[in-house]
Amino acid sequence: MSTFPPIEEQMALLRRATADLVDEDQLRAKLARAEETGEPLVVKTGFDPTAPDLHLGHTVLMRKMRHFQQLGHRVIFLVGDLTAMIGDPSGRKATRPQLSKEEVDANAETYKQQAFHILDPDLTEIDSNSRWLSELGTEGIIRLAGSYTLARMLERDDFRTRLANNQPISIHELLYPLTQAYDSIFLEADVELGGHDQIFNLLVGRQLMKERGLDPQVVITVPLLVGTDGVEKMSKSVGNAIALEDLPKEIYGRTMSIPDELMWNWCIHLTEQPEAEIESRKAAVASGELHPKEVKMELARQLVAQFHDDDAATEAEREFESVFRGGGVPDDVPSHAAVQGKTIVAIIADAGLATSKSEARRLIRQGGVSIDGEKVADPFLVPDKRDEPYLVKVGKRRFARLEIA
C-alpha cells in the first residue's frame, strides 16, 4: 500500500505558488513511480551561503521544500559551500565578489540553524557540495566544462546583457551553472527547486543529466518575493528585507508597513492559508466588508509566530497598537549619549536611527524626525544639554533616549 497521498492531491500542493514547472507530465510519472516502488523522490535545493542571514524571500523556496516533506519525499538542503566561492551570476549586472572559505563556512552555519524555522529537522538531509566538487580535480573540471558550449552559455539573459553592454564576464562565472548541474548528477535528483531567476541553471542540470543517461530532473521554481517597499525583490542590500532573526516587533512593524496590494502575494507565499480563503478575503476587502488592516495584522501575527512564538506575536501586536495607533512609546527604548555641540543629523546617524547623515537629512526634510513630540525642521539643530534625556523619534518605529554629555 502506498505511503504517499494520491497523485492529484500531491500535484495540487506542489503547484501552489510556483513560477515554472518543467515538466508536469514527467513529475506525474515520477510520483507514480514513487507510489509503485514506495521509494520517495530525491528533491534537491541549493543555498549558497553568501550572506549570514536568511530573510523572508528565502522561505518561499523552503515552503516548497516543506511541501515535499509533507508528502513523504526525501528533501536535501544542499549548502553550496563551493559554488558560493564562485558566485551565482543569475540576475547580476557585474561579477560577484569572491568569498573566502572562512566567510562561506561561517555563513553556512547560520543557514543551517535558520532553515529549521520552516523545514522539519527530522526530515531534512543537509549536505555540502564541496564533498564531491572538491574531488573533481583539474581533469574533472575540464571534462565538465567540455559538456556545454560557450554559445549556449551566452544565451542566458544576464550574460547576454553584460556582453552587449561591454561589461566583463569572468571565466569562473561560466562554471557556476555547470557545477550546480553536477550537484544534480551526483545526487541523481528527481526534482530540483530554485527561485525563478535560477531557471537557466536548473535547466542546464536537466540537460546534462539527460546527456549522461540519467532520468532528467523536474525543475520547479518559485517567484521572487517582493520586498517591503512593494517594488523590488526582497534583498538586504536594498533595505527592503525582513530577516528571520529580526526581533518580533521588527517583523510585525515592517509587515504592517507593506503596501496593501502586496499583502495578498505575501499571504500566498509566506503562509499556508488556502488559496480559496485568500481570494475570498480579497473579495471582501474589495467590497468594503473587510478592512485591509485586519488582513495585514493577521499576516503579521502569523509571521512573528512562525519565527518566534504565539506569545511574541501577541506582545508585538500590543506594542504596535500602543506605539503606532495610540501614540505610545516602546518599553525598551535604547539610550544614546552624544557630545554637546553635535547636530541632530550627526546624532541620528551615530545612534543608528538612520543609515547615514544624508538619510538623516532626507528624513528631516520629509518631517520624519521629532524630539519630544515636536517635528525637527532644521538639520543643523544642536540640542542643548539638560538633566532629562530627550526622546528622539525617527520614522514610525525608531526611538532613542538622547543624553547630551
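Before any of the text, the structure's been laid out above.
About the criteria used
Residues numbered from 1 in each chain as written. Predicted model: local features only at pLDDT ≥ 70, side-chain atom pairs only at ≥ 80, totals over all residues. Heavy atoms only, no water. Phe/Tyr/Trp six-rings, centres within 6.5 Å; stacked < 30°, edge-to-face > 60°. Helix = DSSP H or I, 4+ residues; strand = E, 2+ residues; numbered from the N terminus. Buried < 20%, exposed > 50% of the residue type's maximum accessible area, 1.4 Å probe, protein only. Pairing = 2+ DSSP bridges. Axes fitted to C-alpha atoms, helices over the stretch in contact; angles between N-to-C directions. Core = buried A, V, L, I, M, F, W, Y, C linked by side-chain atoms within 4.5 Å. Contact = heavy atoms within 4.5 Å. Polar contact = N/O pair within 3.5 Å; in protein donor to acceptor, adjacent residues only side chain to side chain. Expected span 1.5 Å × (residues − 1). 1 Å grid on protein atoms, 1.4 Å probe; cavity = no way out; pocket = protein on both sides within 12 Å on 5 of 7 lines; lining within 4 Å. Points joined across faces, edges and corners; volume = space filled by probe spheres on them. Nonpolar A, V, L, I, M, F, W, Y, C, P; charged D, E, K, R; others polar. Parallel < 35°, antiparallel > 145°, perpendicular 65-115°, else oblique. Left-handed = near helix turned anticlockwise from the far one by under 90°.

Undergrad: Tell me what's going on with the packing of aromatic side chains, and back it up with residues and numbers.
TA: All told, the structure shown has three aromatic pairs when counted by the stated rule. Plain terms: the ring middles of Phe-47 and Phe-77 are 4.5 Å apart, the flat faces sit at 10° to each other, and that makes the pair stacked. Here Phe-47, found in strand β2 (residues 42–47), pairs with Phe-77, found in strand β3 (residues 74–79); they are 30 residues apart in sequence, far enough to count as distant. Residue classification places Phe-77 among the buried positions, given a relative accessible area of 1%. Judged by centre distance (4.5 Å) and plane angle (15°), the rings of Trp-132 and Phe-186 are stacked.

Undergrad: Run through the sheet that holds strand β4 (residues 124–128), naming residues and quoting values.
TA: For sheets, the rule is that strands pair by backbone hydrogen bonds, running either parallel or antiparallel. Judged by pairing direction, the sheet is mixed, and its six strands sit side by side in the order β1-β6-β5-β2-β3-β4 without closing on themselves. Across the chains shown, the open sheet's two edge strands, defined by having one partner strand only, are β1 (20–22) and β4. Adjacent strand axes in the sheet meet at a mean angle of 20° when their direction is disregarded. Here β2 pairs with β3 via six bridges, running parallel.

Undergrad: How would you summarise the nonpolar core if you had to cite specific residues and measurements?
TA: In a soluble, globular protein the nonpolar side chains are often hidden away together inside. The biggest cluster of nonpolar side chains holds 62 residues, and the ones touching the most others in it are Leu-27, Leu-56, Met-62, Phe-77, Val-191 and Trp-266. Looking at which element gives the most residues to this core, the answer is helix α14 (residues 292–307), with seven residues. The residues touching Val-191, leaving out its near neighbours within four places in the chain, are Leu-27, Leu-41, Val-42, Val-43, Lys-44, Phe-68, Gln-217, Val-218 and Ile-220. Tyr-148, Met-153, Leu-174 and Leu-208 belong to the second-largest nonpolar core, a separate cluster that totals 23 residues.

Undergrad: Describe the side chain of Arg-281, naming the residues involved and giving the relevant values.
TA: Mapped onto the elements of the fold, Arg-281 is located in helix α13 (residues 275–287). Here the side chain of Arg-281 touches Glu-298 through a polar contact of 2.6 Å, side chain to side chain. Excluding residues within four positions of it along the chain, Arg-281 makes contact with Trp-264, Gln-273, Leu-290, Val-295 and Glu-298.

Undergrad: Tell me about α14, residues and numbers included.
TA: For α14, built from 16 residues, the straight-helix expectation of 22 Å at 1.5 Å per residue is met to within 8% by its first-to-last C-alpha distance of 23 Å. Every buried residue belonging to α14 is among Pro-292, Val-295, Lys-296, Met-297, Leu-299, Ala-300, Leu-303, Val-304 and Phe-307, and all of these are buried.

Undergrad: Break down empty space enclosed by the protein for me, with residues and values.
TA: Going through the model one piece at a time under the given rule, you end up with one cavity of 30 Å³ or more. Within this model, the largest cavity holds a volume of roughly 60 Å³. In terms of lining residues, the largest cavity is bounded by Arg-16, Ala-17, Val-60, Arg-63, Lys-64, His-67, Val-222, Ile-268, His-269, Thr-271 and Glu-272. Secondary-structure elements contributing two or more residues to the lining of the largest cavity are α3 (56–70) and α12 (263–270). A total of four residues in the lining of the largest cavity trace back to one element, the largest contributor, which is α3. Along the lines of polarity and charge, the residues of the lining of the largest cavity split into four nonpolar, three polar and four charged.

Undergrad: Explain the sheet that holds strand β10 (residues 390–394) to me, and be specific about the residues and the numbers.
TA: Read from one edge to the other, the open sheet built from five strands follows the order β7-β11-β10-β8-β9, with strand pairing classed as mixed. Whereas interior strands pair on both sides, the edge strands pair on one side only; in this sheet they are β7 (335–338) and β9 (374–375). Where β10 lies against strand β11 (residues 398–404), five bridges are found, and the strand directions are antiparallel. Residue pairing for β11: Lys-393 is matched across the bridge by Phe-399.

Undergrad: I'd love a proper account of the layout of surface pockets, names of residues and values included.
TA: Unfilled space is identified by rolling a water-sized probe across the atoms. In this structure, the second largest pocket occupies an estimated 1200 Å³ of space. Glu-250, Arg-254, Val-394, Arg-397 and Arg-398 are, among the 40 residues lining the second largest pocket, the residues nearest its centre. Every element with two or more residues in the lining of the second largest pocket is listed here: α11 (248–256), α15 (310–325), β7, α17 (357–365) and β11. For the lining of the second largest pocket, the element with the highest residue contribution is α11, accounting for five residues. A class-by-class count of the residues in the lining of the second largest pocket yields 16 nonpolar, twelve polar and twelve charged.

Undergrad: Give me the packing of helix α1 (residues 7–15) against α3: which residues, what numbers.
TA: For the pair α1 and α3, interaxial distance at closest approach is 9 Å and the crossing angle is 170°. Accordingly, the angle class assigned to the pair α1 and α3 is roughly antiparallel. Helix-helix and strand crossings are classified by hand; for α1 and α3 the assignment is right-handed. Note on element contacts: α3 touches α1 through Lys-64, His-67, Phe-68 and Gln-70, opposite Leu-13, Leu-14 and Arg-15. Partitioned by chemical class, the residues of the contact of α1 with α3 number three nonpolar, two polar and two charged.

Purely spatial values, then, with no claim about function.
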